[in-house]
Amino acid sequence: MQAKKRYILVIVSCAFLAYAYFGGYRLKVSPLRPRRAQHESAKDGGVQPPYEQLPSFLDHADPLGPLVGHGNGSAAVFGALGHNDSRRSRGSDCRMETCFDFTRCYEQFLVYVYPPEPLNSLGAAPPTSANYQKILTAIQESRYHTSDPTAACLFVLGMDTLDRDSLSEDYVRNVPSRLARLPHWNNGRNHIIFNLYSGTWPDYAENSLGFDAGHAILAKASMSVLQVRHGFDVSIPLFHKQFPLRAGATGSVQSNNFPANKKYLLAFKGKRYVHGIGSETRNSLFHLHNGRDMVLVTTCRHGKSWRELQDNRCDEDNREYDRYDYETLLQNSTFCLVPRGRRLGSFRFLEALQAGCIPVLLSNAWVLPFESKIDWKQAAIWADERLLLQVPDIVRSISAERIFALRQQTQVLWERYFGSIEKIVFTTFEIIRERLPDYPVRSSLVWNSSPGALLTLPTFADSSRFMPFMLNSMGAEPRHNYTAVIYVQIGAAMGPNAALYKLVKTITKSQFVDRILVLWAADRPLPLKKRWPPTYHIPLHVVALGGNTRIGAGPTAQTTEERPSISQRFVPYDEIQTDAVLSLDEDAILNTDELDFAYTVWRDFPERIVGYPARAHFWDDSKNAWGYTSKWTNYYSIVLTGAAFYHRYYNYLYTNWLSLLLLKTVQQSSNCEDILMNLLVSHVTRKPPIKVTQRKGYKDRETGRSPWNDPDHFIQRQSCLNTFAAVFGYMPLIRSNLRMDPMLYRDPVSNLRKKYRQIELVGS
């Protein structure tokens, strides 16, 4: 009987335990309730379910992949994003298809800048920082700009949004109400907002802008993979207040420095934070510093209360910090460490690129600038913040060949995309432009090689292999023959003794000519057809240039009622079907052998200007300005387009890419178009033109009123040169001592052994 009672007691106990586990738990936390409801009940005072008590980890499916694929450490972001990782309240899931109106961009890709806000009751306008003003100036002086909002594809705010740190003196207040007053805001659709700093002490929250960006595209520095809207926002670099508007300093690496074993393998000099977000990484750098090949020095001597916050290492760090000059470290280091600061981005990134010091990135989850287009594996090295002590082994394991390639690429990227605010803004626009449905997309090769995407207009041709600078890299050759383009400005009476008559006759004897195009810009009427020399099988096209001159192309073009602009000689006319263009003045006196030899040289250098008349530029210390000379020197930097070959793509760039300020200068002076073309080609190629043979004079001296006889001619050209350099932001022209001569040129052998015999008869 006692045994029976014990069995009953055991059965009842088991039933109760089974009910408590399988029934009670299910009543308390039903699996049918959504997880969010469970989480809310826990917040309201209910018992937190066991899985909510577990620590939160990011799994492999989380969108943090960009760091994994870069080859130098795993991709973790724990502790790297600050305390606030919530998304924006509206527009957080924006894509171009859902938050952008493509119909505004079908005609032209134009940008409207809102006018400055009116003065308030106290007579003050909202503050605008120097960098934001540079952004607005770059846009307003570019071909992107339109003053008509109905024609705009993109809208840029007139109020400064670069610094959204509420403790900053550049912080603009009441932005939400200001946005609400904008007539075209439309919750930010088709707007782009530029931002360098967001959030403030202590967490520096990335998405804390102080206003709701809505559907606006963010062009933002220090973006993380958690916050960026991929395919919509654009990550830009962090740049300092003295950053140049245009061009700026070129890269510091010279070609003869490759490859170089620098004094230091790895270097960093900068601030460290004793506590707070971003302090962990920089506080640990002293472990890598050995004072020999690795110099990583920091200081806590910054801020008003640094002494109150200093730790035990501050004094020692400050002494070591003062031993090294920052610029010297940059120029003498192979690798430069780029650790995160309070935010993910750092000024050190652009400084390292410019110096040709290969960046070693120590900022987990940072979306690198323009990462959708630029292949940063070709220019940077990744490390993991959590695996700091592996950094020395990483940089020591990189071969000399890869160091060579990485350093070269830093210079390409700096000069093409990051050297100025203008380039950063234009690159942002072009990335957005390539997202439009009908706009051709440039290849990764174009984006990641010189001269870069900004100078490669995809609307020129269906394939980039037709670009002059891509021919050699693709192992291709220019299409055969050339089009001779003769610009007629004087229009002397046509006859067998006229310079123009002789020139056309000479060209028809060339074995490489495809057709002749005469641009008639003279006041005299066109000669009758019977007065032109016979061209036989060579097509001759004569185009009379009218009085209404159109500067530029598209809706931004300007039309004048003056005489034809001299820039019309560089219009991409439909009659030009060959890659090679032979540009000639009407009074050029070259012979057929000179034309053929110059063409064969050009085929080997299709990206350059190749010709006869050379000029030079120089810096005049007495005038603190650039000078221009036609005197014989041991160098040259300009080959005049009065007798020169170049690729027809440069006609397209000249007409559709050059600043309207430059074209207007040429229009007003009726001069300097040849200098401007030389600056353009040197800007694209970073190479000088090529002079052939020793001929200096190339014009018929008997021709009447030539502009070359004007005593003010050279003064005007010097003025043009300085104007052009100011608009470019630097001097693109490059000096050269090279001259190309035919084999056996001037050698004391029989003339019958020489291919270009007529050249021997030409004096200087």
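Summarised in this report is the structure supplied together with it.

Criteria and cut-off values
Residues numbered from 1 in each chain as written. Predicted model: local features only at pLDDT ≥ 70, side-chain atom pairs only at ≥ 80, totals over all residues. Heavy atoms only, no water. Helix = DSSP H or I, 4+ residues; strand = E, 2+ residues; numbered from the N terminus. Buried < 20%, exposed > 50% of the residue type's maximum accessible area, 1.4 Å probe, protein only. Contact = heavy atoms within 4.5 Å. Salt bridge = Lys/Arg side-chain N within 4 Å of Asp/Glu carboxyl O. Pairing = 2+ DSSP bridges. Axes fitted to C-alpha atoms, helices over the stretch in contact; angles between N-to-C directions. Right-handed = clockwise from strand over helix to strand, strands pointing away. Parallel < 35°, antiparallel > 145°, perpendicular 65-115°, else oblique. Left-handed = near helix turned anticlockwise from the far one by under 90°. Disulfide = S-S within 2.5 Å. Phe/Tyr/Trp six-rings, centres within 6.5 Å; stacked < 30°, edge-to-face > 60°. Lys NZ or Arg CZ within 6 Å of the ring centre and 35° of its normal.

The next thing to look at is the overall build of the protein chain. Within the protein chain, the secondary structure is distributed over 22 helices and 25 strands. Here the protein chain holds 764 residues, and the buried ones make up 55% of them. Summarising the internal contacts of the protein chain: among those between residues at least 6 apart in sequence, 75% fall at separations of at least 24.

For the rest of this paragraph, the subject is the pattern of salt bridges. The tally for this structure, following the rule as stated, stands at 31 salt bridges. One salt bridge in this structure joins Glu117 and Arg178, with 2.3 Å as the shortest N-O distance. Of this pair, Glu117 sits in the loop between strand E1 (111-113) and helix H5 (130-140) while Arg178 sits in helix H6 (residues 175-180), and the two are 61 residues apart along the sequence. Between Arg442 and Glu434 there is a salt bridge; the shortest N-O distance is 2.7 Å. Grouping residues by exposure puts Arg442 and Glu434 together as buried. A single network of salt bridges, built from pairs that share partners, joins Lys373, Glu430, Arg433, Glu434 and Arg442.

The three strands lie next to each other as E21-E20-E22, forming an open sheet whose pairing is antiparallel. The strands lining the two open edges of the sheet, one partner per strand, are strand E21 (625-629) and strand E22 (638-639). Bridge analysis of strand E20 (residues 614-620) against E21 gives five bridges, and the strand direction is antiparallel. Pairing of Phe618 across the sheet is with Gly627, part of E21. In the packing of helix H21 (residues 713-728) onto the sheet, contacts are made with E20 and E21, and the angle to E21 comes to roughly 135°.

Mapped onto the fold, His647 is located in strand E23 (residues 643-647). A C-alpha to C-alpha distance of 9.8 Å links His647 and Phe605, two positions 42 residues apart in sequence.

When you tally the buried positions in H5, you get eight out of 11 residues, the bulk of the element. Residues of H5 that are buried: Asn131, Tyr132, Lys134, Ile135, Leu136, Thr137, Ala138 and Ile139. Lining the buried residues of H5 we find E1, strand E2 (154-156), strand E4 (191-195) and helix H14 (421-433).

Next up on the list: helix H18 (residues 649-656). Most of H18 is tucked away: seven of the eight residues are buried. Among the residues of H18, those classed as buried are Tyr649, Tyr650, Asn651, Tyr652, Leu653, Tyr654 and Thr655.

This brings us to the pairing of strand E11 (residues 358-362). Across the five residues of E11, five count as buried, placing the element largely inside the fold. Side chains Ile358, Val360 and Leu362 of E11 all project onto a buried face; the interleaved residues Pro359 and Leu361 project onto the opposite face, where all are buried too. This β-α-β element, strand E10 (residues 333-339) to helix H11 (residues 348-355) to E11, shows right-handed connectivity. In this sheet, strand E12 (residues 381-382) lies alongside E11 in parallel orientation, the contact comprising two bridges. Looking across to E12, one finds that Val360 is bridged to Ile381.

Below, the discussion takes up the environment of Ile431. Mapped onto the fold, Ile431 is located in helix H14. Look past the residues within four positions of Ile431 in its chain and what remains in contact with it is Val234, Phe370, Ser372, Lys373 and Trp447.

Looking now at the packing of helix H19 (residues 660-669) against H21. Across the interface, H19 lies against H21 with an axial gap of 10 Å and an inter-helix angle of 170°. Of the possible angle classes, the one that applies to H19 and H21 is roughly antiparallel. The two elements H19 and H21 meet at a crossing, and its hand is right-handed. Contact with H19, carried on its side by Leu662, Thr665, Val666 and Ser669, involves Gln716, Cys720, Thr723, Phe724, Val727 and Phe728 of H21 and no other residues of that element.

For the structure shown, the criterion picks out five disulfides. A disulfide bridge connects Cys105 with Cys153, and the sulfur atoms are separated by 1.9 Å. A torsion of 75° about the S-S bond marks the disulfide between Cys105 and Cys153 as right-handed. One end of the pair, Cys105, is in the loop between helix H4 (96-99) and E1; the other, Cys153, is in the loop between H5 and E2, and 48 residues separate them in sequence. Here Cys105 matches Cys153 in class, with each residue buried.

What follows covers the packing of aromatic side chains. Under the criterion given, the structure shown has 29 aromatic pairs. Ring centres of Phe109 and Tyr144 lie 6.2 Å apart, and the angle between their planes is 80°; on these two criteria the pair is classed as edge-to-face. Within this pair, whereas Phe109 is found in the loop between H4 and E1, its partner Tyr144 is found in the loop between H5 and E2, the two being separated by 35 residues in sequence. Taking the relative accessible area as the measure of exposure, Phe109 reaches 4% and is therefore buried. Relative to Trp414, the ring of Phe243 lies with its centre 6.1 Å away and its plane at 90°, an arrangement referred to as edge-to-face. Remark: Trp414 occurs in helix H13 (residues 400-418) and Phe243 occurs in the loop between strand E7 (234-235) and strand E8 (264-271); sequence separation between them is 171 residues. Judged by relative accessible area, Trp414 falls into the buried class, the value being 3%. An aromatic cluster of three or more residues is present, and its members are Phe349, Trp366, Phe370, Trp376 and Phe418. Of note, Arg313 hangs over the ring of Phe286, and the distance from its end group to the ring centre comes to 3.7 Å. Of note, Arg735 hangs over the ring of Tyr635, and the distance from its end group to the ring centre comes to 4.2 Å.

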